Amino acid sequence: MRPGLTIGEFATLTQLSVRTLRRYHESGLLEPAVVDRFTGYRYYSAEQIPPAQVIHRLRQLDVPLAEVRSILRADDPQRRADLINGHLRRLEQELDRTRSAVVSLRQLLHPAPNDLRVELRTVAARTVAAISDHVALDDAIAWYDTALAELDAAFPPAERTGPPGGRYANELFTDGAGAMTVFRAVRRPAASGRIQVVQLPATDLAVTVHAGPHDDIDVTYGRLGAWVVTHALAVDGPINENYLVGPRDTAIRDRWRTEIGWPVFRVTPLRHPA
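Quantities reported herein were computed from a predicted structural model and do not represent experimental measurements.

J.: So, the side chain of T220: which residues are in play, and what are the values?
T.: Among the secondary structure elements, T220 is positioned in helix α9 (residues 217-230). Excluding anything up to four places from it in sequence, T220 contacts T208, H210 and I260.

J.: Quick one: what's the story with the sheet that holds strand β2 (residues 34-35), residue by residue and with numbers?
T.: Across the sheet, three strands lie side by side as β1-β3-β2; this open sheet has antiparallel pairing. Edge positions in the sheet fall to β1 (5-6) and β2, since each has one partner strand and no second.

J.: Break down the pattern of salt bridges for me, with residues and values.
T.: Considering all chains together, one arrives at eight salt bridges under this definition. Linking R57 and D218 is a salt bridge whose minimum nitrogen-to-oxygen distance equals 3.2 Å. Here D218 lies in helix α9 and R57 lies in helix α3 (residues 49-60), a separation of 161 residues in the sequence. Comparing R57 with D218 shows no difference in burial state: the two are buried. R248 serves as the salt-bridge partner of D152, at 3.1 Å between the closest nitrogen and oxygen.

J.: I'd love a proper account of unusual backbone geometry, names of residues and values included.
T.: In this structure, Q15 is a non-glycine residue whose phi angle is positive, near 60 degrees. Note on placement: Q15 falls in the loop between α1 (7-14) and α2 (18-27).

J.: Account for the packing of α3 against α9, naming residues and giving values.
T.: At a closest axis distance of 10 Å, the pairing of α3 and α9 adopts a crossing angle of 160 degrees. What the angle tells us is that α3 and α9 run roughly antiparallel. As α3 packs across α9, the resulting crossing turns out to be right-handed. Residues I49, Q53 and R57 of α3 touch α9, and the partners they reach there are D218, V219, G222, G225 and A226. For the contact of α3 with α9, a count of residues per class yields three nonpolar, three polar and two charged.

J.: Summarise the side chain of R184; cite the residues concerned and give the values.
T.: Here R184 shows up in strand β7 (residues 177-184). Using a relative accessible area of 6% as the deciding quantity, one classes R184 as buried. In terms of polar contacts, R184 uses its side chain to reach the backbone carbonyl oxygen of G162, at 3.4 Å.

Thresholds applied
Residues numbered from 1 in each chain as written. Predicted model: local features only at pLDDT ≥ 70, side-chain atom pairs only at ≥ 80, totals over all residues. Heavy atoms only, no water. Helix = DSSP H or I, 4+ residues; strand = E, 2+ residues; numbered from the N terminus. Contact = heavy atoms within 4.5 Å. Pairing = 2+ DSSP bridges. Salt bridge = Lys/Arg side-chain N within 4 Å of Asp/Glu carboxyl O. Buried < 20%, exposed > 50% of the residue type's maximum accessible area, 1.4 Å probe, protein only. Axes fitted to C-alpha atoms, helices over the stretch in contact; angles between N-to-C directions. Parallel < 35°, antiparallel > 145°, perpendicular 65-115°, else oblique. Left-handed = near helix turned anticlockwise from the far one by under 90°. Nonpolar A, V, L, I, M, F, W, Y, C, P; charged D, E, K, R; others polar. Polar contact = N/O pair within 3.5 Å; in protein donor to acceptor, adjacent residues only side chain to side chain.

Below, the structure written as structure tokens:
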């Protein structure tokens, strides 16, 4: 059995690029759990996902690497939390754009109970109306909004047979740019403008639902990734999301529901959780 997550899989789960993970390894900030002495391949453990996400959020908040290192090495958890909360308070006063990073970091500092509900689901092949492109991660939200607006204009509510969805290549997270596909299941898919008729392949998914806005959706991704590793599954293919309830359905952010699906295949006999 593999010694853990490859650097590419870990990059996808934590949304830290492979280049960044290598730099953190070289600086001693985040070292892999195992480095194969023959191949040099880096492997990470599921337990390293939360620390990696803390580093990611701290760096988004412009905390210098030296201070990140001191926070992570603090022996007293309360002292560590105090240091981080101090940064958060200052940045909240200065920058509105830090809101989403603050929400995510606070959840990582105070994890929710381990009540993640995961379903193993086989999704049949289906034909959808979709828009695809190679997109930079920094432009992903804006690109998604315009693509879905185009799909909604082409297919009014009476034509739709389900919520919108997306498929996102691992490279979007590992390399900072990659293939994005936004789609709608509709009664009569038809090509128009950027819209193409696309056959989505059948796939096996480990599925969970993220509740609320996307400020801390990376935490749900990390918890789902840990579940996948714990249950001896391996990631195989692009990320899937279904937007069960979103901004187009209600302005009440706490009611939003995003279904996250990791394509998986079994590497050892799977025991379903009780």
